Structure formats: structure tokens, C-alpha cells
Amino acid sequence: MTTLHQKRFLAQAGFFILFVLAPPLDIFRIDLNLKHLIFFGHDWTLGLDPLLAGEIGAGQAALNIVLYGFLPLVAVVGVFGFVSWKWGRLYCGWLCPHFSVVETINGLMERAIGKPSLWDRKRLPERRPDGSRRAPRAAWWGVTLPFAAGFAFLWALVLLTYLLPPTEIYGNLVSGALTRNQSIFLIAATTVFLVDFLFARHLFCRYGCAVGLFQSLVWMANRRAMVIGFNARRAHDCVGCESACDNACPMRLTPRAIKRRMFTCDNCGACVDACTTVQGAHGRASLLQYVSGDCALDKSERDFGYRPPVPSNCFSDGHVSGRRVIPISIARVASGK
Ligand code: SF4
Ligand code: SF4
């Protein structure tokens, strides 16, 4: 497990816990009974009740809508848009609780059938980036299916607590006293999520998620935004590697491709991890690295017959020692070559 992988795992696990606990801790939820948001324990309304009670006029009501509705929305979209503009779909790759499930089920399916998705045409090589071998075993379906069903139920349950008081939902569940509508919601949502998790996980991320699409569109508009860059000067170092980066990509992309073909890349860095492992075994730095600014142009502007100049300092070209990247010149001195 590389440092990058550890950091991402911690970020995803922390956000998943927040996703589950936000409603019961009253950090964030929409209460359909009360017909307003709860935000950090406070009722978040548009401030229109005083208008209905005849206590304020139309002008004050309009101002309340701007202050409590429009401006917070613009602030959230603005911050989210700025992050997407500079760093792409970072939310998807590092936080999103749906993507955590995508990656977990991908890994389990790979153990069961040798490929991370039922729709992949070919099995992945049994040899893993670290050189170990792993053959698929159908017995892993015994873990994959309960995990998918468990995640589907958890998602349905958590979603319901975002809409109705969590104490009521969890209380009714534990005492077996869910109302008819609550039961129908849980069964229907669990079924939909189960189908998604088994058959359409990354397809939903690629084509069905409005949050993901928003981030991708904003990111594509910035040619200098952070991308996964490929150190083409060392492309010969790919010889002998069975495309570990392609195999590792949870979105089923080809990480060495140009940005247009990576529209749905979420900058998760799984491809960087894979290449770090492959090249690290030979004492070399990863060919895939996060780059931005002018270094990102090779990815975003490159086209048939056109290749922008790549600044010389874009990639850590060095040899690796443990997890540290050492500049080539220092490595040569250290090894006496
Ligand atoms: S290309 Fe790399 S960073 Fe992008 S989604 Fe695939 S593995 Fe993640
Ligand atoms: S970029 Fe790295 S992981 Fe991808 S094929 Fe080349 S050596 Fe393998």
C-alpha cells in the first residue's frame, strides 16, 4: 500500500462515516416533516414563516430568500466549482461514498471473476503490479454478493435518514415498526442500489451522476488544471509492464491517454499507485504523476500531429529509495556510477 493509497483510503473512510452519521448527529439533513434543512443542529429555513404570519412584508421576504437560499447555494457551487477548476473530480476520487463502494465491489469482483466489472471483455492479468499472482476464485461471489446487498441496504437506510428524522427511522427499524411507506422506500431503494452496485457502478459515475458531470465540465474548461501526466520521455520503461495503470483504473479509463479521453477521470491516483509499484520494483519513479500548469498542456492540448512542449521539470525522473524519490544525479553519485 503506497502513501497515496493510504491517504485516499483514510479520506474515503472518514467521509463515508460522515455520510452515515451526518443525519443522526444533526450535522446535515432535510426533514420532510418540518419541511426545511437541519444544519449543525439549527433549523435552516428561507425565513418565509413571518411573511405568512403577516409579520414582515414582501421586500423582507425576498431578502430572506436571497440571504438564506440563493447566497448559500452560490457559495457552495462556487467553492465546489473552484476545486473542480483547479483539481478536477477530486470529490469523486477522494471522498464520494458511492465511489468507495465502486472500488470495494470492483476489488471483490476481480477476486471472483478476474475482472473488476462484468462488462470488461477480458480478464486482468493474474500477475499483479507488485509481482504477486492472484487467480480468480468463484468462491469470492460468497463475499461479493452479501457486500453489495449490505452496501445497498445501508445506502437506502442512510438516504431515508436524510429525509425523515433519524431517531424515528432507526427506532422503527430496531423495534420492527417501520411504516408501510418507510418499508416500501427501503425495499425499492435497496433494489435500485443493488442493481447499480452489481451492474452499473462505474457506468453511473461516468454517465449518470450530475455532480460528477459538473466537475468534469468545469475541469475540462481549464487546460492547466491538475491531471495525471505521463512521462513520455521514459515511455520505454513501460516495456514488460502489463498495463498495470489501465488495469488499476476504477473508472476503466486508459490513464496514458489525452485529457479528452479522460473526461471522467476523478484524479483518484490508483493508476499512479500501480505505476509506482511497477517502477518502484526497478528502483525507478512512476511514469504517471500528478501535474498541473504548463505541465498539464501535454495532456489537455495534445492532438493528432500536435504535441505541446513539455517543461523539463514536470516529472520526478529520479530513482526511488523506499518511498522517496531521489533526483537521478544524486542517485548516480550514491551508487558510484
Ligand atoms: S485515470 Fe487514474 S486517476 Fe483517473 S480515474 Fe483512472 S485510476 Fe483514477
Ligand atoms: S505507465 Fe506505468 S503502469 Fe502504465 S504501462 Fe507504463 S509502466 Fe505500466
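A brief report on the enclosed structure follows.

1. Here's the deal with the packing of helix 3 (residues 58-87) against helix 9 (residues 210-221)
Move 1: Between helix 3 and helix 9, the shortest axis-to-axis distance is 7 Å and the interhelical angle comes to 55 degrees. On the basis of the axis angle, helix 3 is oblique to helix 9. Read as a crossing pair, helix 3 and helix 9 show a hand that is right-handed. Judged by residue contacts, Val77, Phe80, Gly81, Ser84, Trp85 and Trp87 of helix 3 engage Val211, Phe214, Gln215, Val218, Trp219 and Ala221 from helix 9.
Move 2: Class assignment of the residues belonging to the contact of helix 3 with helix 9 gives a composition of 9 nonpolar, 3 polar and no charged.

2. Concerning the pattern of salt bridges
Move 1: According to the stated counting rule, one finds 15 salt bridges in the structure shown.
Move 2: Residues Arg224 and Asp294 are paired through a salt bridge, measuring 3.0 Å at the closest nitrogen-oxygen approach. Highlighted residues: Arg224 in the loop between helix 9 and strand 4 (227-230) and Asp294 in the loop between strand 5 (288-291) and helix 12 (297-300), separated in sequence by 70 residues.
Move 3: Looking at Asp294, the relative accessible area reads 43%, which means it is partly exposed.
Move 4: Arg284 serves as the salt-bridge partner of Asp237, at 3.6 Å between the closest nitrogen and oxygen. Placement of Asp237 in the loop between strand 4 and helix 10 (244-248) and of Arg284 in the loop between helix 11 (270-280) and strand 5 is noted, with a sequence separation of 47 residues between them.
Move 5: By sharing partners, the salt bridges in this structure join Asp26, Arg29 and Asp31 into a single network.

3. Structural notes on the sheet that holds strand 2 (residues 36-39)
Move 1: The 3 strands are arranged 1-2-3 in an open sheet whose pairing can be described as antiparallel. Pairing within the sheet leaves two strands with one partner each, and these edge strands are strand 1 (28-31) and strand 3 (42-44). The average undirected angle you get between the axes of adjacent strands in this sheet is 30 degrees.
Move 2: Two strands pair when backbone bridges link them, and strand 1 and strand 2 are joined in this way by 4 bridges, in the antiparallel orientation. Following the sheet pairing, Phe28 is matched in strand 2 by Phe39.

4. Some details on the nonpolar core
Move 1: Residues Phe99, Ile228, Met251, Leu253, Cys265, Cys271 and Leu288 are the most contacted members of the largest nonpolar core, which totals 29 residues.
Move 2: Elements represented by at least two residues in this core include exactly helix 5 (97-113), strand 4, helix 11 and strand 5.
Move 3: For this core, the element with the most residues is helix 11, which contributes 4 residues.
Move 4: Counting 23 residues, the second largest nonpolar core, distinct from the first, contains Met109, Leu164, Ala189 and Leu198.

5. Points about the site of ligand 1
Move 1: Taken together, 13 residues lie around ligand 1, and Cys249, Cys265, Asp266, Cys268 and Cys271 are the ones closest in.
Move 2: Within the shell around ligand 1, the residues separate by chemical class into 10 nonpolar, 2 polar and 1 charged.

Calculation criteria
- Residues numbered from 1 in each chain as written.
- Chains lettered and ligands numbered in written order.
- Predicted model: local features only at pLDDT ≥ 70, side-chain atom pairs only at ≥ 80, totals over all residues.
- Heavy atoms only, no water.
- Axes fitted to C-alpha atoms, helices over the stretch in contact; angles between N-to-C directions.
- Helix = DSSP H or I, 4+ residues; strand = E, 2+ residues; numbered from the N terminus.
- Parallel < 35°, antiparallel > 145°, perpendicular 65-115°, else oblique.
- Left-handed = near helix turned anticlockwise from the far one by under 90°.
- Contact = heavy atoms within 4.5 Å.
- Nonpolar A, V, L, I, M, F, W, Y, C, P; charged D, E, K, R; others polar.
- Salt bridge = Lys/Arg side-chain N within 4 Å of Asp/Glu carboxyl O.
- Buried < 20%, exposed > 50% of the residue type's maximum accessible area, 1.4 Å probe, protein only.
- Pairing = 2+ DSSP bridges.
- Core = buried A, V, L, I, M, F, W, Y, C linked by side-chain atoms within 4.5 Å.
- Near = heavy atom within 4 Å.

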